[in-house]
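Structure at a glance
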Amino acid sequence: MLNKLRRVGPPLLMLAPSLILVGVFVYGLIVANFTTSLTDNHTAAQATGQKPAVFVWFTNYLDLLASEDFQHSLMNLVLYTVVFLVGTMIMGFLWAWMLEKPVKGEGLFRSVYLFPMAVSFVASGVVWRWLLNSNQDEQASGLNRLFQIVGLDALQNNWWNNVTFGIVAIAIPAIWQLSGYVMALFLAGFRGIPEELREAARMDGASEWKLYRHVLFPQLSPVALSALIIIGHMSLKAFDLIMSISKPANYQTKVPAVDMFVFKSSFDYANAAAVGSILLIIVAIVIVPYLIRTNREEKR
Amino acid sequence: MTAEAEQLTAHRPAPAAPRVHKGRYSLARTLKYVGLIFFLIVVLIPVYVLLVTSFKGTGDADPSRAWNLPQIWTTENWATAWTTLAPAIGRTLAIVVPSSIISAFLGSLNGFVLSRWSFKGADIVFTLILFGMFIPYQAVMIPLTQLVLDLGIPTGVPTLILLHVVYGIPITTLIFRNYYSTVPHELIEAGRVDGAGMLRTYWSIVLPISIPSFVVVLIWQFTSAWNDFLFAVFFSSSQNGPVTVALNNLANGALLQNYGVSMAGALFASLPTLIVYIILGKYFVGGLMSGSVKG
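Residues numbered from 1 in each chain as written. Chains lettered and ligands numbered in written order. Predicted model: local features only at pLDDT ≥ 70, side-chain atom pairs only at ≥ 80, totals over all residues.

Looking only at helices and strands, chain A features 13 helices and zero strands. What you see in chain A, going N to C, is helices and strands ordered as α-α-α-α-α-α-α-α-α-α-α-α-α. At 24 Å, chain A has a C-alpha radius of gyration far larger than the 19 Å of a compact globule built from 300 residues. Considering only C-alpha atoms, chain A reaches an extent of 80 × 75 × 30 Å along its principal axes. A total of 300 residues make up chain A; the buried ones form 44% of that total. By sequence separation, contacts in chain A at least 24 residues apart represent 68% of the contacts at least 6 residues apart. (Helix = DSSP H or I, 4+ residues; strand = E, 2+ residues; numbered from the N terminus. Rg over C-alpha atoms; globule rule 2.2 N^0.38 Å. Buried ≥ 20, exposed ≤ 12 C-beta atoms within 10 Å, placed from the backbone. Contact = placed C-beta atoms within 7 Å.)

Rendered as structure tokens:
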């Protein structure tokens, strides 16, 4: 018994501060948040504890999911995620593919493609709000004006002011910021493929396409999965860019994270908590299997 | 796959060098450079806009001049942005520096324990910690405001230090754990034979060889805390908050958008992380890679 304590004691002691912090601030609060989401805590008086809140179970969730307003947010989230994922994966792969073989000035290209990642969404939002200005023709500035200058007037559009597809405009700066990250992941993947493998396939007379299809793509698929998971879970948390480009009150571009902020600001804690829990569930569906899989692979 | 490819190619004479394709290759090369330069320009467009607009005076406000260089270059916007944002930049430093150091240190302790002293359930503990990195913080925000209130921690700098430390633990633990798994076992075993306790081993053997990982972790934490907006907007105001909140306020506060000032402000707010990226790019990428769980 004492022996066991001596063996397990020190590591536990060293882990203790983090375990307590993560236990309380992650798991404790997730439970507390879920509890709040099951109450009728919709007013400032209840939020400050002056008036009691009563359990209403899943009413908030049902009301939210039935409301057209929230459905619009979910639809926006799906659209944003799809465009963001497809955009970053294509750009990231393309850049990595172009830089994979020795290229003059490789360092410069790589650094420039990756630099937007070091900038905050709020700062890039300032310039993208200008670029995505919805004014057209005479009044156009930003990208719409640039389209006129290069003779592509037809491409002018109202960007994030479009009710159905406005959110896609917000995905553009997100793609600008994170394609470099996906490129870095793919580049690491390419570099991890042994040269002999390619040589072997080439000597075998495999065409470039077959080389990719049968040798390189399978080797890159774990990297692609990592990239999908990371970008995917980032897109579910989309918030900063929308706050700085189109503002939280903008119906066209709202997503659940923005709704949560609006509910919180109006002291509707129950609905804010419910939106938070919905986001958590969506993320967990994607992340938990991934974490379990990674854990299992490591053990092998 | 690998074995198959090797088998297929065994005992085959090497084919002659594919000289026939040389012309095609150089065309492909040219096309590649055209592509690379095209994307270079596209990625840099926002930088051009930021720089040019920040030096423009009110005389350049007409939309027809949107993409032109300033008629008269002025540093007025820079001066205004600096006086508005300087206090917030100071507060951001006060948040980011201590929180990065503390969370890096905690991550190093965790990473060491979880990679070396494997006890039953160490993997489960690690996975549970790691999950904290992926949660949408919206799912804890409401009770978190209550908890911070109950703990009596003032909003602004103190609260944000605490939050960046706590929610930084998963990623710092991950990076250090991956790093320590690559440290040769003998190095630590040697310390153990000497009868050094776990804490002694950590202090005198592990910590000194952890410098490269500390650099990666500190850069990562510095960048993400500096760029944080979500926690900042919930737990501070433009009076006591970091530069992201102040910048957002500057860019959207006034009825009339003053793009010159807000773009100068955006550049100020991005300079520290950009400088870190330019000087320590290698370590920055190291942090990015660890973000992909498997490192």
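A separate point is the overall build of chain B. Of regular secondary structure, chain B possesses 13 helices and zero strands. Helices and strands appear in chain B in the N-to-C order α-α-α-α-α-α-α-α-α-α-α-α-α. Expressed as a percentage of its 295 residues, the buried residues of chain B come to 46%. Considering only contacts within chain B whose residues lie at least 6 apart along the sequence, 77% involve residues at least 24 apart.

A word on the UniProt feature "domain: ABC transmembrane type-1" (unreviewed entry) in chain A. Sites flagged by UniProt as "domain: ABC transmembrane type-1" (unreviewed entry) map to residues 74-291 of chain A. Counted over residues 74-291 of chain A, helix gives 72% and strand 0%. Its end C-alpha atoms are 25 Å apart. (UniProt positions renumbered as here; feature names shortened; annotations may be inferred.)

For the rest of this paragraph, the subject is the domain arrangement of chain A. All names here are of chain A. Domain annotation of chain A identifies domain 1 (29-66 + 267-300) and domain 2 (77-119 + 163-264). Across the boundary between the two partners, domain 1 contributes 12 residues, which contact 10 residues of domain 2. Within the side of domain 1 that touches domain 2, the residues separate by chemical class into nine nonpolar, two polar and one charged. (Domains from an automatic or database assignment. Nonpolar A, V, L, I, M, F, W, Y, C, P; charged D, E, K, R; others polar.)

Counting residues in each nonpolar core, the largest one holds 164 residues, and the members touching the most others are Ile170 of chain A together with Val140 and Leu247 of chain B. With 16 residues, the single largest contributor to this core is helix α8 (residues 166-191) of chain A. Every residue in contact with Val140 of chain B, bar those within four places of it in the chain, is listed here: Phe25, Val26, Leu29, Ile30 and Asn33 of chain A together with Ile135 of chain B. (Core = buried A, V, L, I, M, F, W, Y, C linked by C-beta atoms within 7 Å.)

Bringing helix α8 (residues 198-206) of chain B into the picture now. Residues and elements named next belong to chain B. Those residues of α8 that fall on the buried side of the exposure criterion are Met198, Thr201, Tyr202 and Val206. Projected down its long axis, α8 shows its buried positions confined to an angular sector of 100°, all on one face. Counted as exposed and oriented over 90 degrees from the buried face of α8: Leu199, Trp203 and Ser204. (Arc of directions from axis to C-beta.)

Next up on the list: the environment of Met117 of chain A. Considering the arrangement of structural elements, one finds Met117 of chain A in the loop between α5 (106-114) and α6 (121-131). With 62 residues separating them along the chain, Met117 of chain A and Ser179 of chain A place their C-alpha atoms 8.6 Å apart.

As a further point, take the interface of chain A and chain B. Tallying the contact residues gives 82 residues for chain A and 76 residues for chain B. If you tally residues by element for the side of chain A that touches chain B, the top one is helix α1 (residues 2-37) of chain A, at 16 residues. Residue composition of the side of chain A that touches chain B, by class: 59 nonpolar, 17 polar and six charged.

With that out of the way, let us pick up the domain arrangement of chain B. For chain B, the assigned domains are domain 1 (20-47) and domain 2 (76-290). Summarising the inter-unit geometry, the C-alpha centres of domain 1 of chain B and domain 2 of chain B are found 37 Å apart.

What follows deals with the UniProt feature "transmembrane region" (unreviewed entry) in chain A. Residue and element names in this part refer to chain A. Under the feature "transmembrane region" (unreviewed entry), the UniProt entry names residues 12-32, 77-99, 111-131, 165-190, 211-234 and 269-292. In the segment residues 12-32, helix accounts for 100% and strand for 0%; the C-alpha atoms at its two ends are 26 Å apart. Between the end C-alpha atoms of residues 111-131 there is a gap of 23 Å, over a span that is 71% helix and 0% strand.

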